[in-house]
Amino acid sequence: MTILSYQLYTSRNFPPLSGTLRMLADAGYDAVEGYGGVTGDPAALRAELDAAGLAMPTSHFALDAIESDPDAVVAAAGTIGVDTVIVPYIDAADRPADAAGWAAFGRRLAEAAKPVQDAGLTVAWHNHDFEFAAIDGDALPIELVLGASDALGLEIDLGWVSRAGADPVAWIDRFADRLVAAHVKDLAPEGVTEEDGWADVGHGRIDWAPIHTALRRAGVTRYVLEHDNPADHARFARRSIAAVRGW
């Protein structure tokens, strides 16, 4: 069974959260995915999720939060109902400049993940486009990061893979046994720059049929719909879930 989730970062510009959760429940979503902007008060967040009838099985947590206080991350996850902790990003200023640096970052991530994993939670990395830009010849940061530990999962962001010019199907197949979820995000048609060049899922230029087949082949059951900057989050939510249901 595929769980249709929604990354709440999509709705960061459309408060209040309670209204967003009601809108998503009405649209038919099963779950939502958290990020740092909504997880500050885990008990209050859980109450709002319960009121809307939504779950939050996955959530993004910053690497520095995991490193500085893994017990707090584990406790927050337990309160909210999160079973998969996802590290989402590294700032441009902090990104390594060579392959050795990316390998070291992967080891840092793996080490930070251990106490969270020891508590029974899954820990994964979430990609953007920069992990698919070759460094030191043909080395790719995505392979260097995940190569640090087989215990690290991947939440593959298919929109960013596509924006990087990489083949989503090839990367789904490459990391099939590491995938914990997929961000389902679409690119706007060529030349369209509104909404930062993103589109409602199924209304952009990504060919989803082979991607959906590859995700099913890999056993991915969590689809997290996302748009980085929609003009209307309710429009995005409704149109996108309708498209995915049609697959």
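Read on for a plain summary of the structure. A quick note: this is a predicted structure, and the numbers were derived from the prediction, not measured.

What counts, and at which threshold
The residue numbering used here restarts from 1 in each chain and proceeds along that chain's sequence as written. Two thresholds apply to this predicted model, a pLDDT of at least 70 for residue-level local features and 80 or more for giving and counting side-chain atom pairs, whereas whole-chain, interface and lining totals are computed over all residues. Heavy atoms from the whole structure form the basis of all side-chain values; hydrogens and water molecules are not counted. Where helices are involved, their axes are fitted lines through C-alpha atoms of the stretch in contact, as for all axes, and angles between N-to-C directions lie from 0 to 180°. Helix numbers and strand numbers start at the N terminus; a helix is a DSSP run of H or I with at least 4 residues, a strand a run of E with at least 2. Roughly parallel covers angles under 35 degrees, roughly antiparallel covers those over 145, roughly perpendicular covers 65 to 115, and oblique covers all other angles. Helix crossings are classified by the rotation of the near helix relative to the far one: an anticlockwise turn of less than a right angle makes the crossing left-handed, while a clockwise turn makes it right-handed. What makes two residues a contact is simply this: any of their non-hydrogen atoms within 4.5 Å. Classification convention: Asp, Glu, Lys, Arg as charged; Ala, Val, Leu, Ile, Met, Phe, Trp, Tyr, Cys, Pro as nonpolar; all other residues, Gly among them, as polar. Every case where a carboxyl oxygen of Asp or Glu lies within 4 Å of a side-chain nitrogen of Lys or Arg is listed as a salt bridge. For every residue, the accessible area obtained with a 1.4 Å probe (protein chains only) is divided by the maximum for its type, and the residue is called buried under 20%, exposed over 50%, and partly exposed between those limits. Aromatic rings from Phe, Tyr and Trp, taking only the six-membered ring of Trp, are treated as a pair when their centres fall within 6.5 Å; an angle between ring planes under 30 degrees marks them as stacked, one over 60 as edge-to-face, and anything in between as tilted.

**Comments concerning the packing of helix 1 (residues 17-27) against helix 2 (residues 42-52)**
At a minimum axis separation of 9 Å, helix 1 and helix 2 run at an interaxial angle of 30°. One element, helix 1, and the other, helix 2, form an angle in the roughly parallel class. Where helix 1 crosses over helix 2, the handedness of that crossing is right-handed. Contacts between helix 1 and helix 2 involve L17, S18, L21, R22 and A25 from the first element and L45, E48, L49 and A52 from the second. Looking at side-chain class alone, the contact of helix 1 with helix 2 contains six nonpolar, one polar and two charged residues.

**Examining the pattern of salt bridges**
Opposite charge on two side chains permits them to pair, given that their charged atoms come into close proximity. Under the defined criterion, the tally for this structure stands at 14 salt bridges. The partner of R217 in a salt bridge is D173, with the nearest N and O atoms 2.9 Å apart. Taken together, the residues span a long stretch of sequence, with R217 in helix 9 (residues 208-217) and D173 in helix 8 (residues 168-174) at a distance of 44 residues. Look at R217 and you get exposed, because its relative accessible area is 51%. Residue D173 is classed as partly exposed on the basis of its relative accessible area of 39%. Ionic pairing is found between E190 and R205, a salt bridge with its closest N-O pair at 3.5 Å. Remark: R205 occurs in the loop between strand 9 (198-199) and helix 9 and E190 occurs in the loop between strand 8 (186-187) and strand 9; sequence separation between them is 15 residues. Owing to a relative accessible area of 66%, E190 belongs among the exposed residues under this scheme. Residue classification places R205 among the partly exposed positions, given a relative accessible area of 42%. Beyond isolated ion pairs, a larger network of salt bridges with shared partners links D157, K185, E226 and D228.

**Description of the environment of A243**
By the secondary structure assignment, A243 is in helix 10 (residues 233-245). Filtering out sequence-adjacent residues up to four positions away, A243 remains in contact with V201 and G202.

**Comments concerning the packing of aromatic side chains**
The geometry of an aromatic ring pair is captured by two quantities: the separation of the ring centres and the angle between the planes. Evaluated as defined, the whole model comprises 12 aromatic pairs. Consider the rings of F105 and W125, whose centres lie 5.4 Å apart with planes at 75°: the pair is edge-to-face. Of the two residues, F105 sits in helix 5 (residues 99-118) while W125 sits in strand 5 (residues 122-126), which places them 20 residues apart along the sequence. A centroid spacing of 6.5 Å and a plane angle of 55° characterise the contact between Y223 and W247, whose relative ring orientation is tilted. Taken together, the residues Y223 in strand 10 (residues 222-225) and W247 in the segment after helix 10 connect sequence positions 24 residues apart. Ring pairing ties together the aromatic residues Y89, W102, F105, W125 and F130, which thus form one cluster.

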